[in-house]
Amino acid sequence: MQPETYSTPHRVIHWVMAAIIFAMVPVGVYMASIPYPPDPAANPALKNSLYEWHKSFGLIVFFLACARVAVRLAKGVPPPEASLTPFERIASTSVHHLLYILIFVVPFAGWLATSMCYGPVNLFWTIPMTLPFSGQEATCTAIYKVHFGAALLMTLLVFAHIGGALMHLVVKRDGVFWRMWAR
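The following refers to the structure shown. (Residues numbered from 1 in each chain as written. Predicted model: local features only at pLDDT ≥ 70, side-chain atom pairs only at ≥ 80, totals over all residues. Heavy atoms only, no water.)

## Describing the overall build of the protein
Here comes step 1: When its secondary structure is counted, the protein shows 4 helices and 2 strands.
Here comes step 2: Overall, the protein shows an N-to-C arrangement of helices and strands of α-α-α-β-β-α.
Here comes step 3: When contacts within the protein are restricted to residue pairs at least 6 apart in sequence, long-range pairs at least 24 apart make up 69% of them.
Here comes step 4: If you sum the accessible surface of the protein, you get close to 10,800 Å²; carbon and sulfur atoms cover 73% of it.
Here comes step 5: Counting 12 positive and 7 negative side-chain charges, the protein places the centres of these two groups 6 Å from one another. (Helix = DSSP H or I, 4+ residues; strand = E, 2+ residues; numbered from the N terminus. Contact = heavy atoms within 4.5 Å. Areas by Shrake-Rupley, 256 points an atom, 1.4 Å probe, with all protein chains shown as cover. Lys, Arg positive; Asp, Glu negative; His and termini not counted. Charge placed at Lys NZ, Arg CZ, Asp CG, Glu CD.)

Now the structure itself:
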């Protein structure tokens, strides 16, 4: 039997991941925009610090994604709302499946590229988490492009997801929104 709302662990993981991802995207864009020396606007201490935070929280997102799948398998998820139109059902399913893929692809691509060429990867400057791969600069650059492109796609899908949730809350008022909130 499928639950009518998401379980508490599922909701907690969802909202913790959402908060981290909301912070990670602008920080990632900003840190990448900080120039390297000898540019007069360079701030290597800030850039390195932001990269370390970004890598650590990226690892946390990856491990939360693993936990999220485990919770989904263990607890199940609510069935699609009966009031959804065929278009809404396809859109909802597509966005959710793509977001599930991207919560793995985005952090893993960053982790892999950093491990290959710019290691070490340490969780909050302490626990070594570098993957056992090495590569050429061109390979790392290509993987970073995947990381950035997938993050951009994820950002767009998050906006679509939020738009759909708000439509269910404000326009349709069908209870879909409340399945991810404790009520």
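## Quick notes on helix 4 (residues 137–172)
Note: α-helices contain 3.6 residues per turn, so residues at a spacing of three or four share the same orientation.
Here comes step 1: The end-to-end C-alpha separation of helix 4 is 50 Å, in line with the 52 Å expected for 36 residues at 1.5 Å each.
Here comes step 2: Those residues of helix 4 lying buried are Cys140, Ile143, His147, Ala150, Ala151, Met154, Leu157, Val158 and His168.
Here comes step 3: Looking at the buried side of helix 4, the elements it contacts are helix 1 (8–33), helix 2 (44–75) and helix 3 (86–117). (Expected span 1.5 Å × (residues − 1). Buried < 20%, exposed > 50% of the residue type's maximum accessible area, 1.4 Å probe, protein only.)

## Points about the environment of alanine 67
Here comes step 1: Position of alanine 67 relative to the elements: it lies in helix 2.
Here comes step 2: Classification of alanine 67 by relative accessible area gives partly exposed; the value is 30%.
Here comes step 3: Along the sequence, alanine 67 and histidine 10 sit 57 residues apart, while their C-alpha atoms lie 8.9 Å from each other.

## Things to note about the state of the cysteines
Here comes step 1: With the rule as written, the count across this model stands at 1 disulfide.
Here comes step 2: Here cysteine 117 pairs with cysteine 140 through a disulfide, and the sulfurs are 1.9 Å apart. In this structure, the disulfide formed by cysteine 117 and cysteine 140 twists by about 75 degrees around the S-S bond and is classed as right-handed. Of this pair, cysteine 117 sits in helix 3 while cysteine 140 sits in helix 4, and the two are 23 residues apart along the sequence.
Here comes step 3: For cysteine 117, a relative accessible area of 25% puts it in the partly exposed group. (Disulfide = S-S within 2.5 Å.)

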